[in-house]
Amino acid sequence: MRKLFRIYLEKPELAGIALLVLLTVIFELRSDGIFLSAENLRGMLGLLPEVGLVSIGVTVLMICGEFDLSVGSMFALMPVSVALMTDRGIPFIPAMLLGLTIAAAVGLVNGFITLTFNIPSFITTLGMLFIVRSLTVVVTGGFPPLLSGDLPIGIFTQYVGPGGMIRASFIWFVVVAVVAGAMLGGSNFGNWIRATGGLLDAAAAMGVPVWRVKMTCFVMCSVLAGFGGTIQVFRLGAPLPSIGDGLELQAVAAAVIGGTALTGGVGTVLGAVVGALLIRVIDNGLVLSQVDANWFKCAVGGLTIFAVVANSWLRWTARRIKVEG
Amino acid sequence: MGAPLISVRNLHKWYSSVHALKGVSLNVFPGEVCGLVGDNGAGKSTLIKILSGVHQPDRGEIRISDRPVKITSPKAAMKLGIETIYQDNSVVPTMSIARNMFLGREPLHFAIAGLGLIDHQRMRDEAMQAIADVDLRVRSPDALLSELSGGQRQGVAIARAMHFKSRVLILDEPTNHLSVKETTKVLAFVRSLPAQRVTGILISHNLHHVFESCDRIVAMARGEIVFDKPIGETNVDEVSEAL
């Protein structure tokens, strides 16, 4: 028992993985084997990268002790900007780079205001949620711009791999996840992110550049949100200014379900991926089990609360039985 | 006694309108343990935060081995061989022993512009070695600091400071929140610093602790040094009087 708690403390995402396995089995049984069929997996893995990218960014930012509620709005602003730019004749790659720059700029502003005025990022980015959403609607004039048909969006959307099982976006997602995971778990910068969120004063006293660490995480989070939204728009073919509404909370839910602590310092990229996947699995599994799809938000909400309660209970118990003995 | 290792001359520090240090001058000699006492707000924390690079003085000079230095950051202080152990925030509870031990100074496989991948094996091995060097026993370098007792945490901070071969070790109220047994152990360690060729500065509000482990006692009040004598030439009553 002690050993289990010890493992849990060192790898908080394991609880999420266990839940993922459990739900997969349940849905597989309830859907008479459709859940794990190639066709269904293909659909699910095609959707995962979009919210998955956002979850990774939000998770890393939460680990360094900050929040970003503006990711849902950023999810719309970048693709809409890219669509508008390509519509006005700017080539695809410069338009993408400019779009990413806009996302980075929003992240910079989030970080700069939060850190300069020393206010909770919850408030800064809540304001930015409204501002960015409003900007998105304003620049489109209320009408979604057209996504020109000759853009090379296939590098994100086309089906690849054996039997066309996965979309290219999934590969982008895996690459981002692996790089982010290596950064957080294996690099000195990742060590600084954890320390900054774990105990700011201790990190600063050891010479960790906490200001730069937080700024970088804000920018990274915003860029990943914009990128995720752009991939979704390319898949749907329609840059709606309303996409990503409410996504910020889904991303926080994914992070928390994956074992990220709201207080900072604890969490992993794998946890973010597991959390995002769990949300997709619930969404898809409920439909396949012929449950009214409106239960989806209820299930995600319940799971989020359950995850936080379970995590805090596990941490409390682990400390109480003194695993170090 | 020879030349001082650290020499502080006429140091001033203001926090907006509060004059926290009013022309403090202090010499710390190599191989001694200097006890710094004083009430809350006397300026001892400000003084050591300046020495450890967290704050910058508004006026005054700091010399180390008779060379004027500017301690602009915690990193700069560490480069000068000054390590600081704070009362309860010198380690990150959510991180492992090994990660804490090398925080900000991780051994890397390679580095581009100061960023690179950590050599985990080396970090864990050296962490265990450093822990063993200060007579501490822990299960594994992967154990989280939050799993450890207050004394063990302080032990990790001490092991870190000793591992990086500090010349000067500043301990800011290191025995706060520790049990009696753990306190005894930390004080014994402080007393052993000269034997390990490390100069120590112990900040404490407990005069008995200072008398037990230091060579010299310096008292501060209202931003000034009001008392400075070798331990052998004074007693607890005299220092209490000065405060």
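Note: the structure precedes this text.
It should be emphasised that the depicted structure is a prediction, and the values quoted were computed from it without experimental measurement.

(A) Molecular detail of unusual backbone geometry. All names here are of chain B. With a phi close to 45°, Ser16 is a non-glycine residue in the positive phi region. Among the secondary structure elements, Ser16 is positioned in the loop between strand E1 (6-15) and strand E2 (18-28). Given a relative accessible area of 73%, Ser16 falls into the exposed group. Positive phi, normally seen in glycine, also occurs at Ser65, with a value near 50°. Within the secondary structure, Ser65 sits in the loop between strand E4 (59-64) and strand E5 (67-69). For Ser65, a relative accessible area of 37% puts it in the partly exposed group.

(B) Structural view of the packing of aromatic side chains. Residues and elements named next belong to chain A. Tallying each qualifying case throughout the model produces ten aromatic pairs over all chains. Taken together, a centroid distance of 4.9 Å and an interplanar angle of 45° make the contact between Phe156 and Trp172 tilted. Within this pair, whereas Phe156 is found in helix H7 (residues 154-157), its partner Trp172 is found in helix H8 (residues 168-186), the two being separated by 16 residues in sequence. Given a relative accessible area of 4%, Phe156 falls into the buried group. With a centroid separation of 5.7 Å and 25° between ring planes, the pair formed by Phe156 and Phe234 is classed as stacked. On the criterion of sequence distance, the pair formed by Phe156 in helix H7 and Phe234 in helix H11 (residues 210-236) is long-range, its members being 78 residues apart. For Phe234, a relative accessible area of 4% translates into the label buried. One aromatic cluster is present, built from ring pairs that chain together Phe92, Phe156, Trp172, Phe227 and Phe234.

(C) Structural detail: the packing of helix H4 (residues 71-87) of chain A against H11(A). Residues and elements named next belong to chain A. Contact geometry of H4 with H11 gives a least axis separation of 7 Å together with a crossing angle of 60°. Classified by the angle between their axes, H4 and H11 sit oblique to one another. The two elements H4 and H11 cross, and the hand of that crossing is right-handed. Facing H4, whose interface residues are Val71, Met74, Phe75, Met78, Pro79 and Val82, H11 presents Cys221, Ser222, Ala225, Gly226, Phe227, Gly228, Gly229, Thr230, Gln232, Val233 and Phe234. Considering only residue class, the contact of H4 with H11 consists of eleven nonpolar, six polar and no charged.

So, how was this worked out
Residues numbered from 1 in each chain as written. Chains lettered and ligands numbered in written order. Predicted model: local features only at pLDDT ≥ 70, side-chain atom pairs only at ≥ 80, totals over all residues. Heavy atoms only, no water. Helix = DSSP H or I, 4+ residues; strand = E, 2+ residues; numbered from the N terminus. Buried < 20%, exposed > 50% of the residue type's maximum accessible area, 1.4 Å probe, protein only. Phe/Tyr/Trp six-rings, centres within 6.5 Å; stacked < 30°, edge-to-face > 60°. Axes fitted to C-alpha atoms, helices over the stretch in contact; angles between N-to-C directions. Parallel < 35°, antiparallel > 145°, perpendicular 65-115°, else oblique. Left-handed = near helix turned anticlockwise from the far one by under 90°. Contact = heavy atoms within 4.5 Å. Nonpolar A, V, L, I, M, F, W, Y, C, P; charged D, E, K, R; others polar.

No statement about biological role is implied by the geometric values presented.
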